[in-house]
Amino acid sequence: MPPRQPLLHDLVVTLAAPTVVLAAPDGDLDATAPGAGVQGVFHADVRVVSLLRVTVAPVPAGSEEPGPDPAWERPVPVLAAADGAGRTRFVGLARGLGDDVADPTVRVERGRRVTPGRLEETFTVRSSATDGVRLALRVEVAGDLVPVEHAKAGLPPGPPAGPAGAQPPAATGTAALRWGDDAVQVLASAPGAVADGTGGTLTWVLDVAPDTAADVRLVVTVTDPGAAVVPAATPPWRRPEITADDRRLPVLLAQSLDDLASLRMATASAPGDTFLAAGAPWFLTLFGRDSLWAARMLLPLGTDLALGTLRTLAAYQGVRTDPAAEEEPGKILHELRRGVFDTGGALRLPPVYYGTVDATPLWVCLLHDAWRWGLPAADVEPLLPALGAALEWVGAAAATGGGFLSYVDHSGSGLANQGWKDSGDAVRFDDGALAAPPVALAEVQGYAYEAAVSGAELLDAFDLPGAARWRDFAADLAARFRERYWVDGADGRYPALALDGAGRVVDAVASNMGHLLGTGILDAGEAADVAARLGAPDMSGGFGLRTMSARAGGFGVMRYHCGTVWPHDTAVAVAGLVRTGHRDVAAGLLGGVLDAAPAFGNRLPELWSGDARDAVPGPVAYPAACRPQAWAAAAPVAMTAALLGLEPDAPAGRLVVHRGDGPLPVGALAVRGLTMAGGRLDVEVDRDGEVAVVAPEGIEVVRR
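How each quantity is defined
Per chain, residues are indexed from 1 in the order of the written sequence. Only residues with pLDDT of at least 70 get local features here, since the model is predicted, and only at 80 or more are side-chain atom pairs given and counted; chain-wide, interface and lining totals rely on the full set of residues. Side-chain metrics in this entry use all non-hydrogen atoms of the structure; hydrogen atoms and water are not considered. Only DSSP runs of H or I reaching four residues or more are called helices, and only runs of E reaching two or more are called strands; each is numbered from the N terminus. When we talk radius of gyration, it's over C-alpha atoms, and the globule rule is simply 2.2 Å times the number of residues to the 0.38. To sort residues, take the accessible area from a 1.4 Å probe on protein chains only and compare it with the maximum for the residue type: under 20% means buried, over 50% means exposed, and anything in between is partly exposed. Note on definitions: a residue-residue contact is assigned when non-hydrogen atoms from the two residues lie within 4.5 Å. Here the accessible surface of atoms and residues is derived via Shrake-Rupley with a 1.4 Å probe, and residues count as covered only by protein chains that are part of the display. By definition, two strands form a pair when at least two bridges between them are found by DSSP. Interaxial angle, 0 to 180 degrees, is taken between N-to-C directions of lines fitted to C-alpha atoms, where a helix line uses only the stretch in contact. The term nonpolar core refers to a set of buried residues drawn from Ala, Val, Leu, Ile, Met, Phe, Trp, Tyr and Cys, joined through side-chain atoms within 4.5 Å. Oblique is the label for any angle not covered by the other classes, which are roughly parallel (under 35 degrees), roughly antiparallel (over 145) and roughly perpendicular (65 to 115). Helix crossings get a hand from a simple test, with the near helix turned counterclockwise from the far one by less than a right angle marking a left-handed crossing and a clockwise turn marking a right-handed one. Residues are grouped as follows: Ala, Val, Leu, Ile, Met, Phe, Trp, Tyr, Cys and Pro are nonpolar; Asp, Glu, Lys and Arg are charged; all remaining types, including Gly, are polar. On a range of 0 to 100, pLDDT expresses the predictor's confidence in each residue. Here a salt bridge means any side-chain nitrogen of Lys or Arg lying within 4 Å of a carboxyl oxygen belonging to Asp or Glu.

Draft legend 1. Quick peek at the overall build of the protein. Per the secondary structure count, the protein includes 14 helices and 36 strands. Relative to the 2.2 N^0.38 estimate, which gives 27 Å for 704 residues, the radius of gyration of the protein is 27 Å and therefore close to what a compact globule would have. In terms of overall dimensions, the protein has C-alpha extents of about 85 × 55 × 50 Å along its principal axes. Within the protein, the fraction of its 704 residues that count as buried is 60%. Nonlocal contacts in the protein, meaning residues at least 24 apart in sequence, comprise 63% of its contacts between residues at least 6 apart. In the structure as shown, the protein presents an accessible area of about 25,200 Å², 52% of it carried by carbon and sulfur atoms.

Structure representation (structure tokens):
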């Protein structure tokens, strides 16, 4: 069987970007173990630790080491739980130690803390045995320094790395091991341990009296001066206080905010500009689309993250035409890597890759929305040249695509699909046939429309020419979209998924239409048609919004983009549904996500299966899903903000609050400590749906 991408769903993730630990349920890491998937410590696209295994053995009284044939055992795991941002707690039972009774009397607790470039493990041996326990605690540790794409491709782990390449770790003293290469150096230090350089082990001998505990500590540090991404500063947002009658929502938001804090990073060239890495472990870097959507969803918490994201992407904005990298003047990148991203198969991407059709209009939309939430004019003005270049790219791309924005993989080694559904089989007709490029996705036309209107508003506000041109562009795009994309189906009218290279309507019913809501490209009647189609059981019958109708020929509950549920996709639809007045459909989709979240420990994965809610007792994990994922973690924030019905206009000194009739689907909801125009914003909705708002000074609240 050829190598396959390893599974992730049962790994325990501890994260502080750009460092992530992927462990077995007992906390150990062993990339060579059968079924281990992709265990290890990854730092900035390199696996720096491929083995971290803990065992214990009894030590005879008076001896300083186990006997000649020690009975090393791995503690049996009984707990693995997140313990805050960048922290995980493990508890294991050492059944071969202590009293010879049924009840366990010795346990090994592991407190894992990850900060960027650093892993700290505290091992606590706790005993309730009748007599004192003397034991050895051994840690085997090594690293293979393989790139992340090597692991993602399912290739076997490399040999342990040393200073000269494939050499075992070298001892540097009685309490440390060191390995590395010309680019990355790793040091594992263990105060009080004895290091065995040939075997790569660190060993402590401990005496634990009855009803006491003994602690030891291991610290792994990484030196990586060549990384493209670096740690970010403190979280660039205010963390709100949230209460709700539906207690699932505050718990979900708390975990999401922890995960978002752990995904913060910056580029080495601009360490002061924070953005969110797309997700762990494969996408722990800058991704245009993902980072933009996540920043946009978090705008109610402040505009600093948006500013860092906008600045970082503007610094890499395309300036030339390079088909190999898909670079074009004004275009926003897709992803940034430390080197060529080569899976050994058909995919080979340059370090700065621009293969995305939607990041550029989304950049414009984020700039506009951040300005409306209160991004100061002094921060907007330096980005106006990038705005102009982005709008020009949108116009040029539409002209090249016969009036619509489309894409094609020019290099043959890049992404075949370049919208958010970027897997090779994502764009299908209703009968399941694949669409041929160039492909013009429906939602991208909505983004382009919104970018043109939003860009025109910014041009007017900052006394720049060209606003009328972009409003005309938007009106023409909407008219052409109305003529070409709509399908008359058995269950009513709906926008097609895309147009293919021959101009044929790709008629599958898909979640992409949900992204059109709220962009302005639909009129009220069209929005109602979309809402009805999204609310039908074939789309909303799972734990959230399915990416494709369950009745479509290409549907599969485990097909990455053709039937699964993505929380960010659901959140975009929920926000658009609320914005266009279809709160009942939005409530049903929100309820699906709230039902799913506890099954994942409230750390929402990238996606889960599209099984019907009445067919399974809970959501079925998509086993290769990244977790945490920035836009998945941001989705609960976006859906909560949508429930509140906030429409900010800080430049005009106004906050419009839209509320429908009756209570919210989560009952009473209070969110205190949001941010608008740099000031604090508190919003409370009582059980009857009545809203109370405390806005920053100088902001008028208008209720609709």
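Once the structure has been displayed, the description carries forward.
Draft legend 2. Representation of the pairing of strand β16 (residues 201–208) within the structure. Bridging between strand β11 (residues 133–142) and β16 involves eight bridges; their strand directions are antiparallel. The residue bridging Glu140 from the neighbouring strand is Thr201, located in β16.

Draft legend 3. Local environment of the sheet that holds strand β35 (residues 691–694). Judged by pairing direction, the sheet is antiparallel, and its four strands sit side by side in the order β19-β33-β34-β35 without closing on themselves. Two strands in the sheet have a free side with no partner beyond their single neighbour: β19 (241–244) and β35. When strand polarity is set aside, the average angle formed by the axes of neighbouring strands in this sheet is 20 degrees. Sheet strands touched by helix α2 (residues 248–262): β19 and β33 (669–676). Its angle to β19, the strand with the most contacts, is close to 155 degrees. The sheet contacts of helix α14 (residues 630–644) involve β33 and β34 (679–685), and relative to β33 the element is tilted by about 100 degrees.

Draft legend 4. How the structure looks around the nonpolar core. Counting 191 residues, the largest nonpolar core has Trp363, Val427 and Leu669 as the members making the most contacts within it. Here the element with the most residues in this core is α14; it accounts for twelve residues. Every residue in contact with Leu669, bar those within four places of it in the chain, is listed here: Ile242, Thr243, Ala244, Leu249, Thr640, Leu643, Leu644, Leu664, Val683, Glu684 and Val685. The next biggest cluster of nonpolar side chains, apart from the first, holds 44 residues, and it includes Val21, Ala129, Val133 and Val220.

Draft legend 5. Examining the packing of helix α12 (residues 567–579) against helix α13 (residues 583–596) more closely. At a closest axis distance of 8 Å, the pairing of α12 and α13 adopts a crossing angle of 155 degrees. Compared by their axis directions, α12 and α13 come out roughly antiparallel. Considering how the two elements wind past one another, α12 and α13 form a crossing that is left-handed. Side by side, α12 and α13 meet where Thr570, Ala573, Val574, Leu577 and Val578 of the first sit next to Arg583, Val585, Ala586, Leu589, Leu590 and Val593 of the second. Tallied by class, the residues present in the contact of α12 with α13 amount to nine nonpolar, one polar and one charged.

Draft legend 6. Up close: the packing of helix α8 (residues 442–461) against helix α9 (residues 467–484). Running from N to C, α8 and α9 cross one another at 160 degrees; their axes reach a closest spacing of 8 Å. Between α8 and α9, the interaxial angle falls into the category roughly antiparallel. Crossing angle aside, the handedness with which α8 passes α9 is left-handed. Side by side, α8 and α9 meet where Ala442, Gln445, Ala448, Tyr449, Ala452, Val453, Ala456, Glu457, Leu459 and Asp460 of the first sit next to Ala467, Trp470, Arg471, Phe473, Ala474, Ala475, Leu477, Ala478 and Phe481 of the second. Classifying every residue of the contact of α8 with α9 gives 15 nonpolar, one polar and three charged.

Draft legend 7. Structural context of the pairing of β33. Judged by how many residues are buried, β33 sits mostly within the fold: seven of eight residues are covered. Note: β19 against β33, four bridges, orientation antiparallel. Residue pairing across strands places Ala244 opposite Leu669, the latter belonging to β33. Across seven bridges, the pairing between β33 and β34 is antiparallel. Each residue of the ladder has a partner; that of Thr675, found in β34, is Arg680. Joining the antiparallel neighbours β33 and β34 is a turn of two residues, in which Ala677 adopts a positive phi near 55 degrees.

Draft legend 8. Structural view of the environment of Val352. With respect to the element layout, Val352 can be found in strand β25 (residues 352–353). Here the alpha-carbon distance between Val352 and Gly339, two residues 13 residues apart in the chain, equals 8.5 Å.

Draft legend 9. Spatial organisation of the sheet that holds strand β3 (residues 29–30). Strand order in the open sheet formed by five strands is β3-β6-β11-β16-β15, and the pairing between neighbours is antiparallel. Each end of this open sheet is capped by a strand with a single partner; those strands are β3 and β15 (194–196). The pairing of strand β6 (residues 51–58) with β11 spans eight bridges and is antiparallel. When the bridges of β11 are listed, Val56 appears paired with Leu137.

Draft legend 10. Molecular detail of the confidence of the model for the protein. Here the protein shows a mean pLDDT of 94. Residues at 70 or above account for 98%. Here residues 163–170 scores under 50 on pLDDT; set against residues more than four positions off or in separate chains, the count is 21 contacts.

Draft legend 11. Inspection of the pattern of salt bridges at higher detail. Under the counting rule described, the total for this entry stands at 51 salt bridges. Its salt-bridge partner being Arg320, residue Asp322 comes within 3.5 Å of it at the nearest N-O pair. By relative accessible area, Asp322 is classed as buried at 18%. Taking relative accessible area as the criterion, Arg320 reaches 48% and is therefore assigned partly exposed. Residue Asp538 is joined to Arg551 by a salt bridge in which the shortest nitrogen-to-oxygen separation is 3.9 Å. You can see Asp538 sitting in helix α11 (residues 537–540) and its partner Arg551 sitting in the loop between α11 and α12, a full 13 residues away along the chain. Several salt bridges share partner residues, and in doing so they unite Asp26, Asp28, Arg74, Arg110, Arg112 and Glu121 into one network.

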